[in-house]
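This is what each chain is made of:
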Amino acid sequence: MAARPPTVKRATVTSTSIPAAHPPCTIHPTAVVADKALIFGTFPVHIAEHAVLHPYCRIRAEGGSVTIGPYCTIAESAIIGLPADQAGDVVLDSWVNVESGAEVQAKHVGEVTEVGIKAKIGAGTTVGRFCRLTPTEVVQAGEQVQDFSVLFGNGRRRRDKTLVDGEDSRAQRVKAQEKHVEMLKRLIPDGKTKWLE
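Okay, so let's go over this structure.

Analysis parameters
Residues numbered from 1 in each chain as written. Predicted model: local features only at pLDDT ≥ 70, side-chain atom pairs only at ≥ 80, totals over all residues. Heavy atoms only, no water. Pairing = 2+ DSSP bridges. Helix = DSSP H or I, 4+ residues; strand = E, 2+ residues; numbered from the N terminus.

## Focus: the pairing of strand E21 (residues 156-159)
Part 1: Pairing of strand E20 (residues 149-152) with E21, which is carried by four bridges, proceeds in the antiparallel orientation. For Phe152, the partnering residue across the bridge sits in E21 and is Arg156.
Part 2: What sits between the antiparallel neighbours E20 and E21 is a turn of three residues, in which Gly153 has the positive phi angle 55 degrees.

## Details of the sheet that holds strand E12 (residues 103-104)
Paired through their backbone hydrogen bonds, the strands of a sheet run either parallel or antiparallel.
Part 1: Pairing is parallel in the open sheet, where six strands are placed in the order E3-E6-E9-E12-E15-E18. A strand with exactly one partner marks an edge of an open sheet, and here the two such strands are strand E3 (38-41) and strand E18 (138-139).
Part 2: As paired elements, strand E9 (residues 79-82) and E12 share two bridges and run parallel to each other. Pairing of Ile80 across the sheet is with Val104, part of E12.

## Looking at the sheet that holds strand E16 (residues 126-127)
Part 1: Spatial ordering of the open sheet is given by E1-E4-E7-E10-E13-E16-E19, a layout of seven strands whose pairing is parallel. A single partner strand is all that each edge strand has here, and the edge strands are strand E1 (25-27) and strand E19 (144-145).
Part 2: Relative to strand E7 (residues 66-68), strand E4 (residues 45-47) is paired through three bridges, and the arrangement is parallel. From the neighbouring strand, His46 faces E7, where its bridge partner is Thr67.

Purely geometric numbers; function is a separate question.
So, in structure tokens, the structure goes:
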């Protein structure tokens, strides 16, 4: 009778996940970055004074640097920045409000602009001041959007004459965003220290 071969124990391989390195971050002391916000990539990320990043928003600095200006708000599930297969920096000017699920790959988004829920701004785009993208609107890569534009209804555009002609209306929009930021700063616990280590 043939001898039975000895039992060989197989080594069990366990995967250990190595945390990705944080990108170099500059975060103003008055900014609020939620603990569950995600910042990743290798390029620098600059977050200015009084900016607020909600939980589960993603700042993607894989294709270039990301700058988030003063009094900007980035809501849950929003993505700011370019993936690794594209190159270019992304800049949000002051008082920009990016709603839930929106994606911004624009070269520059002008001050006091609103990016609606699940709206998308393609790479290399320049969006002017005091613009508004309604929910699910798409701005294709490389487009230029003029100041005071309202984008709605599958690509239709109009100029917001109330804002063009009304200095008071523009000042009210700025004040409304600042009040929005102040409210969020009271509601969202700040977890920015982990990005500064």
